[in-house]
Amino acid sequence: MRNKNRAALFAFLAVVALLPLLPVPAVWISLLNYIGLSSMVALGLVLLTGVGGLTSFGQAAFVGIGAYSSAYLTTALSASPWLGLLLGLAITVTAALIIGAVTLTMSGHYLALATIAWALALYYLFGTMGFLGYHDGLSGIPALEVLGISLADGRAMYLLIWGLLLLAVLAAHNLLASRPGRALRALKNGAMAEAMGVNTVWMKMVLFVLAAVLACLSGWLYAHLQRAVSPSSFGLTYGIEYLFMAVIGGAGYVWGAVLGAAVFTLAKEFLRSKLPALLQLEVSVEAIVFGVLMVLLLHYARDGLWPLLRRRFPRQPTARAPATAPALAKRAKPDTGAPLLEVQGLRKEFGGLVAVDDVSFSLRAGEIVGLIGPNGAGKSTTFNMISGVMPATAGSVRYRDESLAGLSARQVVQRGIGRTFQHVQLLPTMTALENVALGAHLRGDFRPQGGVLASIARLNRTEEAKLLHEAAQQLERVGLGDYLYQEAGNLSLGQQRLLEIARALCTDPALLLLDEPAAGLRYLEKQALAALLNKLKAEGMSVLIVEHDMDFVMNLTDHLVVMEFGRKIAEGTPDAVQRNPAVLEAYLGDIA
Ligand code: ADP
Ligand code: MG
């Protein structure tokens, strides 16, 4: 199975490496050079747009920064192109950090519009600067030299461009298969990522800078290939084309960037050179034909072309759990019976609506406490205030002798409160193993928001082994040991809920918060879930379970807190609560 994929990859690499040695025409090499340069920018967009969900039309501006930095230094100051590259990277990273800080908190079309704005701004800036040659740009840029060999020839540049591109593809591949990479892949589901301890704003910045650096590198190579630069090569049109390439190839896939750049460039070139002769028309219709082709492509292959090609090859999981690995550090757990969670006078107002009104209850270590009540009672809101998703209007939550007031979801999970979601929040195309490993985001060897460069360079193998081994063990623990390499989206709802519990367990919690884990489950699935919760309890885990279904919690919980219309109407042992007239009325009223 794996051999077929390997063989295809090696065949591709062999063709790439041998091509310039064969007597192929120079125009081919030239086309391939442009495909390589575009692929690099599109690869950045695969990360930014495909993985991170952030649309940018402005990548051409970073290409321009890379090109102009080196063009200026090497022509005006006769400096080395390598110095030009360093300057380009320095300006790019600085610009990306500043632009990112301003724009990345925006979302959807606001972000897209912002990228158009700075693309235009930088484009006009290039054309108005005297020392950059105004609209004529700069020429007489020297050829690159590597180890004393001049790369003035297109074939020599080809090797450098494609060599760097393949390294970039490898780097992206390594990154995505790492702890920070899983965090990046979770960005489209920001609330869930934060609940696993991911600093989503910072991770978006990481993507933005990486994409900008790839664009800058492409620009630097372009300047020394073309030996002249002018603003027109870095306009908004190019920014749009790069995005097109990524989307056509498949923005969710690293190789989609290369495929997209190749298809786009070749189609455009073919239409430009062959179509006029074919159609014998007075007017030029290439642009229209090209546009129609692209729209058709997007219509029939929404995820791009790469998945269609990949279908012919066996799928392989990105990450595999090792048979053994050193154990991850565990936090000290509270003694059974010790006070763990203390909710006092909690209140939440949404405008005029009081969703939670003066709710108090407590939970001791080793207990399963149920928070029940009819729909709209305020259970999830209470849950969200405890887990740091939203601040309380009044009241306090104390956990292990510490107030949780003002803490974010990320800080709450860091303190040992793991959670699941009322509506399952998984990454459907990621394996069960990787979904669960995301829960261990804060338990790696590197700083929680670091490890990006180490992962790119594969210096994270020990970390990965530990995290994936832990994830596999948690999957075993919840009874999903046979599903490690299944895509989460292919599991049944019952399995997906267990998967969420395994992911929460991976955060090494002292308290587990479950929001309606039995909702939508079939009878047998509910029984399996109850058995798991009983097992966790026997292992000493403390659980706060929010539930609508009273039957489910009856035999499971030590203590029940009942809410209705935002207020606590009863609490006690399940038996006592079941006989409480106010509770019966609330539930009967709900059914009626
Ligand atoms: P439960 O989980 O018990 O079904 P919720 O806590 O979700 O109930 O909701 C309690 C009440 O608060 C409902 O009336 C709901 O419409 C309202 N509510 C919940 N979240 C919000 C919000 N973000 N903005 C405004 N109202 C909300
Ligand atoms: Mg709810």
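Residues numbered from 1 in each chain as written. Chains lettered and ligands numbered in written order. Predicted model: local features only at pLDDT ≥ 70, side-chain atom pairs only at ≥ 80, totals over all residues. Heavy atoms only, no water.

Under perfect tetrahedral coordination by four donors, a metal shows angles of 109.5 degrees; under perfect octahedral coordination by six donors, it shows angles of 90 or 180 degrees. Surrounding the magnesium ion (ligand 2) are the protein donor atoms Ser380 (OG) and Gln422 (OE1), at 2.0 to 2.5 Å. Within this pair, whereas Ser380 is found in helix α14 (residues 379–386), its partner Gln422 is found in the loop between β10 (417–419) and α16 (432–437), the two being separated by 42 residues in sequence. (Donors = N, O, S within 2.8 Å, 3.2 Å for Na, K, Ca; no water. Helix = DSSP H or I, 4+ residues; strand = E, 2+ residues; numbered from the N terminus.)

Nonpolar side chains collect at one region of the surface, where Phe270, Leu278, Leu279, Leu281 and Val283 lie side by side and expose about 510 Å² of accessible area between them. Note on placement: Leu279 falls in helix α11 (residues 254–279). With relative accessibility at 39%, the residue Leu279 sits in the partly exposed group. (Patch = residues over 30% accessible without salt bridge, like charges linked within 9 Å, V, L, I, M, F, W, Y side chains within 5 Å. Areas by Shrake-Rupley, 256 points an atom, 1.4 Å probe, with all protein chains shown as cover. Salt bridge = Lys/Arg side-chain N within 4 Å of Asp/Glu carboxyl O. Buried < 20%, exposed > 50% of the residue type's maximum accessible area, 1.4 Å probe, protein only.)

Let us now look at the sheet that holds strand β9 (residues 402–403). Reading across from one edge, β6-β5-β8-β9 is the order of the four strands in this open sheet, with antiparallel pairing throughout. Whereas interior strands pair on both sides, the edge strands pair on one side only; in this sheet they are β6 (353–364) and β9. Alignment of strand β5 (residues 339–350) against β6, held across eight bridges, turns out to be antiparallel. By the bridge assignment for β6, Glu342 is matched with Ser362. (Pairing = 2+ DSSP bridges.)

Moving on to the domain arrangement of the protein. It is common to report an interface's size as the accessible area lost on association of the parts. Domain boundaries assigned for the protein yield domain 1 (2–310), domain 2 (338–416 + 509–592) and domain 3 (427–508). Each of domain 1 and domain 3 has a C-alpha centre, and the two are 31 Å apart. Of the residues lining the interface, 20 residues belong to domain 1; the matching set on domain 3 comes to 27 residues. Of the roughly 2,000 Å² buried between domain 1 and domain 3 on both sides combined, carbon and sulfur atoms contribute 62%. (Domains from an automatic or database assignment. Contact = heavy atoms within 4.5 Å. Buried area = accessible area lost by both parts, 1.4 Å probe.)

Position of Ala454 among the secondary structure elements: in helix α17 (residues 452–456). Considering only alpha carbons, one finds Ala454 and Pro231, 223 residues apart in sequence, at a separation of 36 Å. Aside from chain neighbours lying at most four places away, what touches Ala454 is Phe446, Leu459 and Asn460.

Okay, the sheet that holds strand β11 (residues 511–515) next. Taking strand neighbours across the sheet as the criterion, the six strands line up as β10-β11-β12-β7-β13-β14 in an open arrangement whose pairing is mixed. Each end of this open sheet is capped by a strand with a single partner; those strands are β10 and β14 (567–572). Mean inter-strand twist for the sheet, computed between neighbouring axes without regard to direction, equals 20°. Note: β10 against β11, three bridges, orientation parallel. Residue pairing across strands places Gly418 opposite Leu512, the latter belonging to β11. The sheet strands contacting helix α19 (residues 493–505) are β10 and β11, and the helix crosses β11 at an angle near 155°. (Axes fitted to C-alpha atoms, helices over the stretch in contact; angles between N-to-C directions.)

Moving on, we come to the site of ligand 1. By nearness alone, every residue bordering ligand 1 is listed as Phe350, Leu353, Ala355, Pro374, Asn375, Gly376, Ala377, Gly378, Lys379, Ser380 and Thr381. For ligand 1, an oxygen atom lies 2.8 Å from a polar atom in the backbone of Gly376. For ligand 1, an oxygen atom lies 2.9 Å from a polar atom in the backbone of Ser380. Breaking the shell around ligand 1 down by element, the ones donating at least two residues are β6 and α14. Ranked by the residues each element gives to the shell around ligand 1, the list is headed by α14, at three residues. Residue composition of the shell around ligand 1, by class: five nonpolar, five polar and one charged. (Near = heavy atom within 4 Å. Polar contact = N/O pair within 3.5 Å; in protein donor to acceptor, adjacent residues only side chain to side chain. Nonpolar A, V, L, I, M, F, W, Y, C, P; charged D, E, K, R; others polar.)

For the pair helix α2 (residues 26–51) and α11, interaxial distance at closest approach is 8 Å and the crossing angle is 135°. Judged on the interaxial angle alone, α11 and α2 are oblique. Here the hand of the crossing between α2 and α11 comes out right-handed. Note on element contacts: α11 touches α2 through Val254, Ala257, Val258, Ala261, Ala262, Thr265, Leu266 and Glu269, opposite Leu31, Ile35, Ser38, Ser39, Ala42, Leu43 and Val46. Of the residues that constitute the contact of α2 with α11, the class distribution is 11 nonpolar, three polar and one charged. (Parallel < 35°, antiparallel > 145°, perpendicular 65-115°, else oblique. Left-handed = near helix turned anticlockwise from the far one by under 90°.)

Taken as a whole and judged by the stated rule, the model has 15 aromatic pairs. Ring centres of Phe62 and Trp118 lie 5.0 Å apart, and the angle between their planes is 55°; on these two criteria the pair is classed as tilted. Remark: Trp118 occurs in helix α5 (residues 108–128) and Phe62 occurs in helix α3 (residues 59–76); sequence separation between them is 56 residues. Take Phe62 and Trp118: they sit in the same class, and that class is buried. Note on Phe62 and Phe208: the rings are 6.0 Å apart at their centroids and 80° apart in plane angle, and the pair reads as edge-to-face. In this pair, Phe62 sits in helix α3 while Phe208 sits in helix α9 (residues 200–226), placing the two residues 146 residues apart along the sequence. Taken as a pair, Phe62 and Phe208 share a single burial class, namely buried. Above the ring of Phe313, the side-chain terminus of Lys4 is found at 5.2 Å from the ring centroid. Looking at Arg419, its charged tip hangs above the ring of Phe421, at a distance of 4.1 Å from the centre. (Phe/Tyr/Trp six-rings, centres within 6.5 Å; stacked < 30°, edge-to-face > 60°. Lys NZ or Arg CZ within 6 Å of the ring centre and 35° of its normal.)

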